[in-house]
Amino acid sequence: MTVLFGTHPEYLEHDTGLYHPESASRLEVITSVLDRFGDGIVRFQPTPASAAAVTGVHNGSHVAEIRQLCLMGGGPIDADTQVGYQSYDIALLAAGAGLDAIARLQRGEGDAAFVAVRPPGHHATADTSMGFCLFNNIAIAAKTLVDQGERVLIVDIDAHHGNGTQDIFYGEQSVLYVSIHQHPLYPGTGRVSDVGVSRGVGLTINIPLPPRTSGQTALAALESIASSSITSFEPTWMLISAGFDGHRADPLTDLGYGSDDFFNFTRWALQYVPKQRTVAFLEGGYDLAALAESTVAAIEALLGASRKPDQLVPAGSVDKDLIAALSRMRSAALRHHDIDPPSH
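Predicted, not measured: the structure shown is a model, and the values here were computed from it. (Residues numbered from 1 in each chain as written. Predicted model: local features only at pLDDT ≥ 70, side-chain atom pairs only at ≥ 80, totals over all residues. Heavy atoms only, no water.)

Caption draft 1: Representation of helix α10 (residues 320–336). With 17 residues, α10 extends 24 Å between its outermost C-alpha atoms, agreeing within 8% with the 24 Å of an ideal straight helix rising 1.5 Å per residue. Residues of α10 that are buried include every one of Leu322, Ile323, Leu326, Ser327, Arg330, Ser331, Ala333 and Leu334, and no others. Buried residues of α10, viewed axially, fall in a sector of 165°; they line one side. Exposed residues lying more than 90 degrees from the buried face of α10 are Asp321, Arg328, Arg335 and His336. The inward-facing, buried residues of α10 contact β8 (204–209) and α7 (215–233). Capping the start of α10 is the job of one residue whose side-chain oxygen sits 3.3 Å from the backbone nitrogen of Asp321: Asp319. One or two positions beyond α10, positive phi appears at Asp338, with a value near 60°. (Helix = DSSP H or I, 4+ residues; strand = E, 2+ residues; numbered from the N terminus. Expected span 1.5 Å × (residues − 1). Buried < 20%, exposed > 50% of the residue type's maximum accessible area, 1.4 Å probe, protein only. Arc of directions from axis to C-beta. Contact = heavy atoms within 4.5 Å. Polar contact = N/O pair within 3.5 Å; in protein donor to acceptor, adjacent residues only side chain to side chain.)

As C-alpha coordinates, then:
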(Lines give C-alpha, C1' and ligand atoms only; values in the text may rest on other atoms or scores of the structure.)
Protein backbone atom coordinates (compact mmCIF):
# COMPACT_ATOMS: atom_id res chain seq x y z
CA MET A 1 0.00 0.00 0.00
CA THR A 2 1.19 3.51 -0.80
CA VAL A 3 -0.29 6.88 0.07
CA LEU A 4 0.34 9.88 -2.14
CA PHE A 5 1.19 12.87 0.05
CA GLY A 6 0.73 16.26 -1.57
CA THR A 7 1.99 19.52 -0.12
CA HIS A 8 3.94 22.54 -1.34
CA PRO A 9 6.47 24.93 0.26
CA GLU A 10 4.41 27.89 -0.96
CA TYR A 11 1.63 26.93 1.46
CA LEU A 12 3.91 28.17 4.24
CA GLU A 13 3.75 31.69 2.77
CA HIS A 14 0.00 32.14 3.30
CA ASP A 15 -0.05 35.06 5.77
CA THR A 16 -2.78 34.78 8.39
CA GLY A 17 -1.24 37.35 10.74
CA LEU A 18 0.55 37.09 14.07
CA TYR A 19 -0.54 34.43 16.56
CA HIS A 20 -3.20 33.01 14.26
CA PRO A 21 -4.00 29.35 15.02
CA GLU A 22 -3.98 28.43 11.31
CA SER A 23 -0.24 28.95 10.89
CA ALA A 24 2.56 27.55 8.76
CA SER A 25 3.74 25.57 11.80
CA ARG A 26 0.86 23.17 11.21
CA LEU A 27 2.34 21.93 7.95
CA GLU A 28 5.87 21.96 9.29
CA VAL A 29 4.97 19.61 12.15
CA ILE A 30 3.08 17.27 9.80
CA THR A 31 5.93 16.97 7.31
CA SER A 32 8.39 16.38 10.16
CA VAL A 33 6.79 13.02 10.99
CA LEU A 34 6.48 11.57 7.49
CA ASP A 35 9.83 9.79 7.46
CA ARG A 36 8.47 7.11 9.78
CA PHE A 37 6.38 5.77 6.87
CA GLY A 38 9.37 5.07 4.63
CA ASP A 39 8.41 3.92 1.15
CA GLY A 40 4.74 3.90 2.09
CA ILE A 41 4.56 7.64 1.35
CA VAL A 42 5.03 8.99 -2.17
CA ARG A 43 5.36 12.77 -2.07
CA PHE A 44 4.26 15.15 -4.80
CA GLN A 45 3.97 18.91 -5.25
CA PRO A 46 0.51 19.97 -6.43
CA THR A 47 -0.15 22.32 -9.31
CA PRO A 48 -2.69 25.19 -9.16
CA ALA A 49 -6.35 24.65 -9.94
CA SER A 50 -7.55 26.26 -13.14
CA ALA A 51 -9.85 29.27 -13.04
CA ALA A 52 -12.57 27.09 -14.57
CA ALA A 53 -12.30 24.51 -11.77
CA VAL A 54 -12.59 27.20 -9.09
CA THR A 55 -15.47 29.07 -10.73
CA GLY A 56 -17.26 25.76 -11.20
CA VAL A 57 -17.90 26.01 -7.45
CA HIS A 58 -17.39 29.69 -6.55
CA ASN A 59 -19.00 32.78 -8.05
CA GLY A 60 -16.64 34.48 -10.47
CA SER A 61 -17.18 37.88 -8.84
CA HIS A 62 -16.21 36.46 -5.45
CA VAL A 63 -13.03 34.91 -6.85
CA ALA A 64 -12.16 38.25 -8.46
CA GLU A 65 -12.70 40.09 -5.16
CA ILE A 66 -10.31 37.77 -3.32
CA ARG A 67 -7.71 38.21 -6.06
CA GLN A 68 -8.07 41.99 -5.92
CA LEU A 69 -7.75 42.09 -2.12
CA CYS A 70 -4.53 40.07 -2.30
CA LEU A 71 -3.08 42.21 -5.09
CA MET A 72 -3.70 45.26 -2.91
CA GLY A 73 -1.52 43.72 -0.20
CA GLY A 74 -4.09 41.63 1.64
CA GLY A 75 -5.97 42.22 4.84
CA PRO A 76 -8.87 40.82 6.88
CA ILE A 77 -11.89 39.23 5.22
CA ASP A 78 -13.60 38.75 8.57
CA ALA A 79 -12.52 38.53 12.21
CA ASP A 80 -11.06 35.04 11.65
CA THR A 81 -9.87 35.09 8.06
CA GLN A 82 -7.00 37.13 6.68
CA VAL A 83 -5.01 37.11 3.44
CA GLY A 84 -1.62 38.38 2.37
CA TYR A 85 -0.24 39.43 -0.98
CA GLN A 86 0.45 35.82 -2.07
CA SER A 87 -2.68 34.22 -0.63
CA TYR A 88 -4.74 34.14 -3.84
CA ASP A 89 -2.12 32.17 -5.75
CA ILE A 90 -1.58 29.92 -2.73
CA ALA A 91 -5.33 29.28 -2.49
CA LEU A 92 -5.35 28.18 -6.14
CA LEU A 93 -2.47 25.85 -5.29
CA ALA A 94 -4.45 24.46 -2.33
CA ALA A 95 -7.51 23.95 -4.53
CA GLY A 96 -5.36 22.16 -7.09
CA ALA A 97 -3.98 19.61 -4.63
CA GLY A 98 -7.10 17.46 -4.61
CA LEU A 99 -7.42 17.61 -8.38
CA ASP A 100 -3.80 16.57 -8.77
CA ALA A 101 -4.24 13.72 -6.27
CA ILE A 102 -7.32 12.46 -8.10
CA ALA A 103 -5.51 12.44 -11.45
CA ARG A 104 -2.57 10.57 -9.93
CA LEU A 105 -4.84 7.96 -8.35
CA GLN A 106 -6.63 7.54 -11.67
CA ARG A 107 -3.23 6.82 -13.23
CA GLY A 108 -2.56 4.16 -10.59
CA GLU A 109 0.28 5.97 -8.82
CA GLY A 110 -0.94 5.14 -5.29
CA ASP A 111 -3.67 3.48 -3.25
CA ALA A 112 -4.99 6.62 -1.51
CA ALA A 113 -3.93 10.25 -1.07
CA PHE A 114 -3.55 12.83 1.68
CA VAL A 115 -3.11 16.51 0.83
CA ALA A 116 -1.73 18.83 3.51
CA VAL A 117 -2.76 22.26 2.29
CA ARG A 118 -3.18 25.85 3.42
CA PRO A 119 -5.57 27.58 3.47
CA PRO A 120 -8.16 24.96 4.44
CA GLY A 121 -11.51 24.98 2.68
CA HIS A 122 -14.67 23.45 4.12
CA HIS A 123 -16.19 26.69 5.49
CA ALA A 124 -15.96 28.53 2.16
CA THR A 125 -19.34 28.87 0.44
CA ALA A 126 -19.92 29.70 -3.21
CA ASP A 127 -19.69 33.43 -2.49
CA THR A 128 -18.10 33.80 0.96
CA SER A 129 -14.63 33.13 2.35
CA MET A 130 -14.78 32.51 6.09
CA GLY A 131 -13.48 30.41 8.98
CA PHE A 132 -9.81 30.51 7.83
CA CYS A 133 -10.95 29.25 4.38
CA LEU A 134 -10.70 31.03 1.01
CA PHE A 135 -11.83 28.47 -1.60
CA ASN A 136 -13.50 25.16 -0.84
CA ASN A 137 -10.77 22.69 -1.80
CA ILE A 138 -12.80 19.53 -1.24
CA ALA A 139 -15.86 20.90 -3.04
CA ILE A 140 -13.78 21.81 -6.09
CA ALA A 141 -12.45 18.24 -6.20
CA ALA A 142 -15.93 16.77 -5.70
CA LYS A 143 -17.43 18.92 -8.47
CA THR A 144 -14.71 17.77 -10.86
CA LEU A 145 -15.51 14.12 -10.05
CA VAL A 146 -19.26 14.70 -10.45
CA ASP A 147 -18.60 16.21 -13.86
CA GLN A 148 -16.82 12.95 -14.72
CA GLY A 149 -19.94 10.98 -13.81
CA GLU A 150 -18.79 9.84 -10.35
CA ARG A 151 -20.86 9.52 -7.18
CA VAL A 152 -18.93 11.21 -4.38
CA LEU A 153 -19.07 10.55 -0.66
CA ILE A 154 -17.69 13.39 1.48
CA VAL A 155 -16.95 12.48 5.10
CA ASP A 156 -16.20 15.53 7.25
CA ILE A 157 -14.65 14.65 10.63
CA ASP A 158 -13.60 18.19 11.57
CA ALA A 159 -14.99 19.38 14.90
CA HIS A 160 -16.45 22.41 13.09
CA HIS A 161 -19.32 21.80 10.70
CA GLY A 162 -18.38 22.20 7.04
CA ASN A 163 -21.09 24.72 6.25
CA GLY A 164 -19.57 25.64 2.90
CA THR A 165 -19.42 22.07 1.63
CA GLN A 166 -22.98 21.39 2.78
CA ASP A 167 -24.27 24.58 1.18
CA ILE A 168 -22.59 23.93 -2.18
CA PHE A 169 -24.02 20.41 -2.55
CA TYR A 170 -27.30 20.77 -0.63
CA GLY A 171 -29.40 20.06 -3.71
CA GLU A 172 -26.96 17.77 -5.53
CA GLN A 173 -27.94 14.15 -6.18
CA SER A 174 -24.41 12.90 -6.91
CA VAL A 175 -22.80 13.96 -3.61
CA LEU A 176 -23.52 12.47 -0.17
CA TYR A 177 -22.24 14.75 2.59
CA VAL A 178 -21.69 13.27 6.07
CA SER A 179 -20.49 15.53 8.87
CA ILE A 180 -19.83 14.61 12.49
CA HIS A 181 -19.08 17.75 14.47
CA GLN A 182 -19.37 19.53 17.80
CA HIS A 183 -22.49 21.53 18.56
CA PRO A 184 -22.76 24.27 19.65
CA LEU A 185 -19.63 25.56 17.94
CA TYR A 186 -18.65 27.84 15.06
CA PRO A 187 -20.19 28.32 12.51
CA GLY A 188 -23.44 27.27 14.21
CA THR A 189 -24.73 25.18 11.31
CA GLY A 190 -25.15 21.42 10.84
CA ARG A 191 -28.49 20.56 12.43
CA VAL A 192 -29.76 16.99 12.26
CA SER A 193 -32.86 18.30 10.51
CA ASP A 194 -30.78 19.66 7.61
CA VAL A 195 -31.10 16.76 5.17
CA GLY A 196 -30.89 18.45 1.76
CA VAL A 197 -33.33 19.96 -0.72
CA SER A 198 -34.73 19.08 -4.13
CA ARG A 199 -32.78 16.21 -5.73
CA GLY A 200 -30.43 16.21 -2.73
CA VAL A 201 -33.01 15.41 -0.05
CA GLY A 202 -31.58 12.70 2.20
CA LEU A 203 -28.03 13.22 0.95
CA THR A 204 -26.90 15.48 3.80
CA ILE A 205 -26.25 13.67 7.07
CA ASN A 206 -25.36 15.83 10.08
CA ILE A 207 -24.33 14.26 13.36
CA PRO A 208 -23.90 17.08 15.93
CA LEU A 209 -22.23 16.04 19.17
CA PRO A 210 -22.14 17.79 22.54
CA PRO A 211 -18.83 18.82 24.13
CA ARG A 212 -16.65 16.03 25.58
CA THR A 213 -18.21 13.33 23.40
CA SER A 214 -15.86 10.37 23.13
CA GLY A 215 -14.47 8.99 19.91
CA GLN A 216 -16.18 5.68 20.64
CA THR A 217 -19.56 7.42 20.67
CA ALA A 218 -18.72 9.33 17.49
CA LEU A 219 -17.74 6.14 15.65
CA ALA A 220 -20.87 4.34 16.84
CA ALA A 221 -22.98 7.30 15.68
CA LEU A 222 -21.41 7.20 12.21
CA GLU A 223 -22.11 3.48 11.98
CA SER A 224 -25.67 3.73 13.25
CA ILE A 225 -26.81 6.88 11.46
CA ALA A 226 -24.78 7.06 8.24
CA SER A 227 -23.82 3.53 7.17
CA SER A 228 -27.13 2.46 5.60
CA SER A 229 -27.42 5.67 3.58
CA ILE A 230 -23.84 5.40 2.36
CA THR A 231 -24.34 1.80 1.26
CA SER A 232 -27.55 2.73 -0.59
CA PHE A 233 -25.82 5.69 -2.25
CA GLU A 234 -23.10 3.42 -3.70
CA PRO A 235 -20.29 5.98 -3.86
CA THR A 236 -17.54 5.56 -6.43
CA TRP A 237 -15.16 8.06 -4.75
CA MET A 238 -14.63 9.30 -1.21
CA LEU A 239 -13.19 12.62 -0.11
CA ILE A 240 -12.41 13.18 3.59
CA SER A 241 -12.35 16.59 5.27
CA ALA A 242 -9.61 15.50 7.67
CA GLY A 243 -9.92 18.01 10.46
CA PHE A 244 -8.11 16.94 13.61
CA ASP A 245 -9.43 19.63 15.95
CA GLY A 246 -11.72 17.15 17.68
CA HIS A 247 -8.67 15.97 19.63
CA ARG A 248 -9.09 16.52 23.34
CA ALA A 249 -5.96 18.71 23.40
CA ASP A 250 -7.18 21.16 20.75
CA PRO A 251 -7.49 24.75 22.02
CA LEU A 252 -10.50 25.68 19.85
CA THR A 253 -12.90 22.80 20.55
CA ASP A 254 -14.22 20.61 23.34
CA LEU A 255 -14.61 17.09 21.96
CA GLY A 256 -12.96 14.11 23.62
CA TYR A 257 -11.16 12.35 20.77
CA GLY A 258 -7.64 10.89 20.85
CA SER A 259 -5.39 10.20 17.88
CA ASP A 260 -6.58 6.56 17.78
CA ASP A 261 -10.06 7.82 16.99
CA PHE A 262 -8.90 9.42 13.75
CA PHE A 263 -7.43 6.07 12.74
CA ASN A 264 -10.80 4.45 13.47
CA PHE A 265 -12.85 7.11 11.63
CA THR A 266 -10.64 6.82 8.56
CA ARG A 267 -10.65 3.01 8.58
CA TRP A 268 -14.45 3.02 8.96
CA ALA A 269 -14.86 5.32 5.95
CA LEU A 270 -12.52 3.30 3.72
CA GLN A 271 -14.90 0.34 3.61
CA TYR A 272 -17.27 2.18 1.26
CA VAL A 273 -15.05 2.72 -1.80
CA PRO A 274 -12.39 0.69 -3.64
CA LYS A 275 -8.67 1.37 -3.41
CA GLN A 276 -7.38 4.33 -5.42
CA ARG A 277 -10.63 6.22 -4.80
CA THR A 278 -9.92 8.14 -1.56
CA VAL A 279 -8.39 11.56 -0.98
CA ALA A 280 -8.11 13.13 2.49
CA PHE A 281 -7.82 16.94 2.74
CA LEU A 282 -6.29 18.63 5.78
CA GLU A 283 -8.76 20.97 7.45
CA GLY A 284 -8.46 21.93 11.15
CA GLY A 285 -6.25 20.87 14.04
CA TYR A 286 -4.50 23.51 16.14
CA ASP A 287 -2.57 21.76 18.88
CA LEU A 288 0.65 20.93 17.06
CA ALA A 289 1.52 17.72 18.90
CA ALA A 290 -2.04 16.41 18.61
CA LEU A 291 -2.14 17.41 14.94
CA ALA A 292 1.02 15.43 14.19
CA GLU A 293 -0.19 12.35 16.09
CA SER A 294 -3.63 12.45 14.48
CA THR A 295 -2.25 12.88 10.97
CA VAL A 296 0.00 9.87 11.51
CA ALA A 297 -3.04 7.87 12.67
CA ALA A 298 -5.09 8.82 9.61
CA ILE A 299 -2.24 8.00 7.21
CA GLU A 300 -1.73 4.64 8.94
CA ALA A 301 -5.38 3.85 8.25
CA LEU A 302 -5.00 4.92 4.60
CA LEU A 303 -2.01 2.58 4.38
CA GLY A 304 -4.09 -0.32 5.71
CA ALA A 305 -1.88 -0.65 8.79
CA SER A 306 -2.94 -2.06 12.12
CA ARG A 307 -2.70 0.11 15.21
CA LYS A 308 -2.34 -0.78 18.88
CA PRO A 309 -4.67 1.40 20.94
CA ASP A 310 -3.06 3.84 23.36
CA GLN A 311 -3.46 2.05 26.68
CA LEU A 312 -2.82 5.29 28.55
CA VAL A 313 -6.08 6.78 27.30
CA PRO A 314 -9.19 5.28 28.94
CA ALA A 315 -11.86 4.10 26.55
CA GLY A 316 -14.91 6.33 26.56
CA SER A 317 -18.28 4.70 26.93
CA VAL A 318 -20.73 4.83 24.03
CA ASP A 319 -23.64 7.20 24.67
CA LYS A 320 -26.44 5.06 23.22
CA ASP A 321 -29.13 7.49 24.33
CA LEU A 322 -27.51 10.32 22.35
CA ILE A 323 -27.25 8.15 19.23
CA ALA A 324 -30.86 7.03 19.55
CA ALA A 325 -32.04 10.63 19.93
CA LEU A 326 -30.08 11.77 16.86
CA SER A 327 -31.44 8.84 14.84
CA ARG A 328 -35.02 9.73 15.79
CA MET A 329 -34.49 13.37 14.84
CA ARG A 330 -33.08 12.47 11.43
CA SER A 331 -35.87 9.98 10.79
CA ALA A 332 -38.45 12.66 11.61
CA ALA A 333 -36.77 15.12 9.23
CA LEU A 334 -36.77 12.56 6.41
CA ARG A 335 -40.44 11.74 6.98
CA HIS A 336 -41.19 15.47 6.70
CA HIS A 337 -39.86 15.17 3.14
CA ASP A 338 -41.88 11.97 2.56
CA ILE A 339 -38.76 9.79 2.62
CA ASP A 340 -38.66 6.54 4.52
CA PRO A 341 -35.57 6.40 6.76
CA PRO A 342 -33.14 3.60 5.81
CA SER A 343 -33.31 0.46 7.91
CA HIS A 344 -30.29 -0.29 10.10
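Caption draft 2: Quick peek at the layout of surface pockets. As a volume, the second largest pocket reaches approximately 180 Å³. Contributing to the lining of the second largest pocket are 15 residues, with His123, Gly131, Phe132, His160 and Tyr286 lying nearest its centre. Its residues assigned to classes, the lining of the second largest pocket shows six nonpolar, five polar and four charged. (1 Å grid on protein atoms, 1.4 Å probe; cavity = no way out; pocket = protein on both sides within 12 Å on 5 of 7 lines; lining within 4 Å. Points joined across faces, edges and corners; volume = space filled by probe spheres on them. Nonpolar A, V, L, I, M, F, W, Y, C, P; charged D, E, K, R; others polar.)

Caption draft 3: Inspection of the side chain of Ser227 at higher detail. As for its placement among the helices and strands, Ser227 is situated in helix α7. When near neighbours in sequence (up to four residues on either side) are disregarded, Ser227 contacts Leu222, Trp268 and Tyr272.

Caption draft 4: Local environment of the pairing of β8. Most of β8 is tucked away, with six of its six residues classed as buried. A two-sided burial pattern is seen for β8, the buried positions comprising Thr204, Asn206 and Pro208 on one face and Ile205, Ile207 and Leu209 on the other. Alignment of strand β7 (residues 175–182) against β8, held across six bridges, turns out to be parallel. Counted as the bridge partner of Ile180 is Ile207 from β8. (Pairing = 2+ DSSP bridges.)

Caption draft 5: Fine view of helix α3 (residues 60–71). For α3, which comprises 12 residues, the first-to-last C-alpha distance of 17 Å matches the rise-based estimate of 16 Å (1.5 Å per residue) to within 8%. Regarding α3, the residues found buried are His62, Val63, Ile66 and Cys70. Seen end-on, α3 carries its buried residues on one side only, within an arc spanning 100°. Residues of α3 that are exposed and point over 90 degrees away from its buried face: Ser61 and Glu65. In this structure, the buried residues of α3 make contact with α2 (51–55), β3 (74–76), β4 (82–84) and α4 (87–106). Directly after α3, the chain includes Gly73, whose backbone phi takes a positive value near 110°.

Caption draft 6: Region of the structure containing the environment of Phe132. Note that Phe132 resides in the loop between β5 (112–115) and α5 (137–147). Placed 50 residues apart in sequence, Phe132 and Gln82 show a C-alpha to C-alpha distance of 7.3 Å. Aside from chain neighbours lying at most four places away, what touches Phe132 is His20, Pro21, Glu22, Asp80, Thr81, Pro119, Pro120, Leu252 and Tyr286.

Caption draft 7: How the structure looks around the packing of α7 against helix α8 (residues 259–270). At a minimum axis separation of 10 Å, α7 and α8 run at an interaxial angle of 10°. In terms of axis orientation, α7 runs roughly parallel to α8. When α7 is examined against α8, the residues Gly215, Gln216, Ala218, Leu219, Leu222, Glu223, Ala226, Ser227 and Ile230 are found in contact with a partner set consisting of Asp261, Asn264, Phe265 and Trp268. Of the residues in the contact of α7 with α8, the class split is seven nonpolar, four polar and two charged. (Axes fitted to C-alpha atoms, helices over the stretch in contact; angles between N-to-C directions. Parallel < 35°, antiparallel > 145°, perpendicular 65-115°, else oblique.)

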